[in-house]
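# Understanding the architecture of this molecule
Spelled out, the chains give:
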Amino acid sequence: MRYAWLRELAVPVPETLKSPLEVAAFEARQAAERLRFAVDEKMGEGYAAEKTGDGYLVTGGTTGVLYGAYALLRALRLGEEPPRGAQFPRCSLRMLNCWDNMDGTIERGYAGRSLWLEGDAFAYDPGRVRQLGRMLASVGINVLCLNNVNVHAPAQQLIGDFLPDLAAFAGILRPFGVRLMVSVDFSMPMQCGLNTADPLDSRVQAWWRERAGIVYAAVPDLAGFLVKADSEHRPGPNAYGRDHAQGANMLARTLKPFGGVLVWRAFVYNCLQDWRDRAVDRPCAAYDTYMPLDGKFDDNVILQVKNGPYDFQVREPVSPLLLGLKNTAMAVEFQLAQEYTGHQIDLYAMPPLWREVIDAVGADSLRAMAAVGNLGRDENWTGHPFAALNLFAFGLFAWDPGSDPGALIDQWTRLTYDLPEDQRKTLAGLLLDSRAVYEKYTAPLGLCWMVQPGLHYGPNPYGYEFDAWGTYNRADRNGVGIDRTAAGTGYACQYPESLARLYSDPAACPENLLLFFHRLPYGHVMPDGRTLIQRIYDDHFDGCEQAYAMARALQTLDLPEPDRSEALARMEKQVKNAENWRDVINTFFYRFSGVEDSRERKIYE
Ligand code: GCW
């Protein structure tokens, strides 16, 4: 039986496998490959593979042997040389954050209901959870945060009444080297009899210390807690006049004796903004909040920062916080769930985005990498069969942030489908270009947030314009965009000097961020000689044409069923979505500007 990334999951993993070594040996047997394993505990997650007479010897740490087995099986299946020399992951924590609720729904989930929660309880098929563990291990993901960062009742009880269930669930994933993490509610002491959650109150501290002890007695290898605090109505230390370092450190100290980490999200901003107040600019918020705290976090706190300053928009500049913090352990947070990027209906392969972010930030400044999960109970796990690429690639990218996006996409296509080489290349090309195409018909020139409010799929340029979330395009009859230079909101000044200069100059600013950083009149002449309004029209028309071309290319692929039908059905919706974006956005700007399309194409009035 040949090894393939997803097809092999059809073969169940027996529940008798109790350790990464046993899983590794099982996988080698499944793939009919002669692999021998030697555990050298010192190697931790690392491994080295060497050729022996008739097979390979994989030497690795306790989980390293498993990662080595998967790396080797991948290489053999791809007909490539196994990696040479000892291999170690670049990021020690490679985390999937799942926004699963106890009732079985998943916030921003596009692949069905939760794989482990339903009806305010744990509910799962153990065989499927083993497959999940295997899928994560096969790409090196080692932490699964199992519940939504918005902790809705009764999810607080994951570290209370549900502890026996949590322990059982952790036990299923343990042989795959996957440790659990739990999102906790900062105000939980108040649901348990205290009248405060003030992190400096000794009763609160004692409560959390005791709680951590109880939790670790049940799940000794829990990775730690994840916290969303003082953000979008979640409780936090600010209510007591305490800052986020005080809040995070208090929790971190309770986890420290057990080797746990406290992951604290940096996603804070005023979500009750007045749109008339031009002085407040949402992208400034995280930097303003956390830069003064740099160096004040305990060493087992990881500050988890979204890749951009807003919220996983199609195009954002890299978060200036990721560039600014020097004395704080950081994780970057990506979002595999395609909230703003097509709901796992439209194609949107993410490795090119990660490459850009890591090139800007530098992998050495990160302790961890996290991604919001895109999994659910759908038969194919990710809704769109190709969305699995993002999970696959994320794991390998977190292991080696030097990875090339094209190579990751190639690997996934080759492992997943047996297509003739020309067709496989077509598929890989579709995926590699998919982000640029999506960007073109939804958000060219750095315009973001023109989505349907709440849903975040499909166009609605006025949807968020006058609301409290702080997300505006400020389009009017004179122009569009926000001046974020020193003369405007000053956001650009949060970047290191050279980037601040680049972004502040409309002639130098990368075109794909132009309207993010600048407010420009419709007649502004772009470097290619076209006016801004003409570029807005052209980009939306071009993006839509590119979606048509993708649909035609997809038709030519002899994909196996049901993937072929599923991908085609979604592509039909994607094309409609692209047309909708083209027409709604072009009409919006036509009405404001009154400028005709120079190519006289149809713009609805
Ligand atoms: O913008 C928001 C999403 C929310 C999400 C939040 C976050 C989990 O729309 O659904 O809540 O980001 O990242 O906390």
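For the structure given in this document, a descriptive report is provided here. As a convention, each chain's residues are numbered from 1 in the sequence order in which they are written. Only residues with pLDDT of at least 70 are given local features in this predicted model, and only at 80 or more are side-chain atom pairs given and counted; all residues enter the totals for whole chains, interfaces and linings. Excluding hydrogens and water, the side-chain figures rest on all heavy atoms present in the structure.

### Section: the packing of aromatic side chains
Any pair of aromatic rings gets described here by the distance separating the centres and the angle formed by the planes. Any pair of Phe, Tyr and Trp rings, taking the six-membered ring for Trp, is counted once the centres come within 6.5 Å. Such a pair is stacked with planes under 30 degrees apart, edge-to-face with planes over 60 apart, and tilted for the rest. The tally for this structure, following the rule as stated, stands at 39 aromatic pairs. Aromatic side chains Trp354 and Phe394 sit 5.9 Å apart centroid to centroid with 80° between the ring planes, which places their arrangement in the edge-to-face category. Residue Trp354 is located in helix H10 (residues 351-361), and its partner Phe394 is located in helix H11 (residues 388-399); the two are separated by 40 residues in the primary sequence. Here Trp354 and Phe394 have matching classes, each one buried. Joined through ring pairs, the aromatic side chains of Tyr310, Tyr340, Trp449, Tyr464, Tyr491, Tyr495, Tyr503, Phe516 and Phe517 make up one cluster. Lysine and arginine charges are scored as sitting over a ring when NZ or CZ, respectively, is within 6 Å of the ring centre and within 35 degrees of the ring normal. Directly above the ring of Phe267 sits Lys306, whose terminal nitrogen or CZ lies 3.3 Å from the centroid. A run of DSSP states H or I qualifies as a helix once it reaches four residues; a run of E qualifies as a strand once it reaches two. Both are numbered from the N-terminal end. Exposure categories follow from relative accessible area, calculated using a 1.4 Å probe and restricted to protein chains: below 20% of the type maximum is buried, above 50% is exposed, and the middle band is partly exposed.

### Concerning the sheet that holds strand S4 (residues 93-97)
Note: two strands are recorded as paired if DSSP finds a minimum of 2 bridges between them. Read around the barrel, eight strands follow the order S4-S7-S8-S9-S10-S11-S12-S13 and close on themselves; strand pairing throughout is parallel. Strand-to-strand twist across the sheet, computed as the mean angle between neighbouring axes with direction ignored, equals 25°. In terms of strand pairing, strand S10 (residues 261-265) meets strand S11 (residues 301-306) through four bridges, oriented parallel. Residue Trp264 lies in a different strand from S11, and its bridge partner there is Leu303. The axes used here are C-alpha line fits, helices contributing only the stretch in contact, and every angle between their N-to-C directions lies in the interval 0 to 180 degrees.

### With respect to the pattern of salt bridges
Just to be clear on terms, a salt bridge is a Lys or Arg side-chain nitrogen sitting within 4 Å of an Asp or Glu carboxyl oxygen. One pass over the structure, following the stated rule, counts 35 salt bridges. For Glu232, the salt bridge identified is with Lys228, shortest N-O distance 2.8 Å. We note a salt bridge from Glu421 to Arg424, for which the minimum N-O separation is 2.9 Å. Placement of the pair is Glu421 and Arg424 together in helix H13 (residues 421-442), with a separation of three residues, close to one helical turn. Its relative accessible area of 42% is what places Glu421 among the partly exposed residues. Its relative accessible area of 6% is what places Arg424 among the buried residues. One continuous salt-bridge network, built from bridges that share partners, spans Glu511, Asp528, Arg530, Arg535, Asp538, Asp539, Asp597 and Arg601.

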